[in-house]
Every structure is written in structure tokens, then in C-alpha cells.
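Report on the structure
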Amino acid sequence: IGELNEIDIYDATKSKPATDNDIRLAEERIGAALPPSYKEYLMEINGHHQLSDLYGQLFSCSEIKWFRDEHQEWIDAYQKPNGEYIPEEDISEADHLVYGADQDDCFFRLAYLSEVLQISEPYDGAVYLLNPKVVDDNDEWEAWAFATWNPGAIRYRNFQDLVNADIEGMSKRLKEFTEQEDL
């Protein structure tokens, strides 16, 4: 997680690093074992940290929750735009597993939206999610930067890839802003 500790938009007064017990309790509450890179983050920083100017602060260990618990209307807007979900119209699992520059983030497997874990506050129609339906050989869950203004899910192989991409994106936007200010 290294780079996270160097970002200035972290309020250490709001959250202490999660303990093994905190993580165990969170996993019991959600009924799933969290992915390793996300656990590492929780044990180092534990939320109240903003990766990007486009998304809300990451939740602490005690705040994570299933997206469907509070955002069913958001899910329905994607899964049932005409009143019913038609699985045959969803993209294939293979098409969903495209990452990086070849990814079309407007298209993602809609069926997964009901199964994702919310790990950040919603902010301006955007939220960070972890997808337990796509797990790699290292038990890492796919990570999403999900936004209505995108529209869709920018998908990453894991939480660490999402962190790296968003820090890089924010650094780039900050540099561009600074260069404009210097003109």
C-alpha cells in the first residue's frame, strides 16, 4: 500500500489502523473473507482516506457494507432500466474480465452489481466497490471505481491496482491544474 501513506488527504485523527480482531468482526458481519490487499490497507490506514478527488472517502473496517443494502435503487437503474433484469442481455464473464486500456467501462457484468461490497462513501454519483464474484489465485477480489457519470464500472484486477490508478490519476489532474495556475 506504500504510496497511500504519502498522500495528504488522509485524516489520521478519524481512524486508527484496524486490528486483526476488527477485520475478523467485519468479515463475520459481511459473511466473507476480505481480500489480502484490502486487509493490508485496513491494517495500515483503516479508512477516512480519499484516493481521488472524484470519489468519496474510503470506509473504515466497521463501515464496509454490501452495496445492495442501501443502494438497491442504484442497482435497479442498471439491472432493470425497463422494469426487469434480463440475464441474456448481460455481457459475458469473459468480456467482463478485460482490464486496462482495452476495457470499455460502460459495459460490465450487471449481475455482479448485486453482489459487490461498498468500501467508500458515495460522492457525486461515484463509489468504490469490491467484487467477490471475480477472485484471482491470490484471493484478491476485483475492484471497481463505479460512477453514474462515467457511466459504468472502471474495473481493476484488485484493490491495489485501483489505488495505484487513482493516485496516478489524481496526481496527473493536480499537475495539470498547477500548470494552468502558473500560466
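Residues numbered from 1 in each chain as written. Predicted model: local features only at pLDDT ≥ 70, side-chain atom pairs only at ≥ 80, totals over all residues. Heavy atoms only, no water.

If you walk across this open sheet you meet the five strands as β1-β2-β3-β4-β5, and the pairing is antiparallel. Where the open sheet ends on each side, the last strands, each with one partner, are β1 (65-66) and β5 (152-156). Sheet analysis places strand β4 (residues 141-147) next to β5, joined by five bridges and oriented antiparallel. Across the sheet, the residue bridging to Phe146 is Ala153, located in β5. (Pairing = 2+ DSSP bridges. Helix = DSSP H or I, 4+ residues; strand = E, 2+ residues; numbered from the N terminus.)

Strand β3 (residues 126-135) sits mainly inside the fold: seven of its 10 residues count as buried. Sheet analysis places strand β2 (residues 117-118) next to β3, joined by two bridges and oriented antiparallel. Each residue of the ladder has a partner; that of Gln118, found in β3, is Leu129. With seven bridges connecting them, β3 and β4 associate as antiparallel partners. In the sheet register, Val135 faces β4, and the bridge partner there is Trp141. (Buried < 20%, exposed > 50% of the residue type's maximum accessible area, 1.4 Å probe, protein only.)

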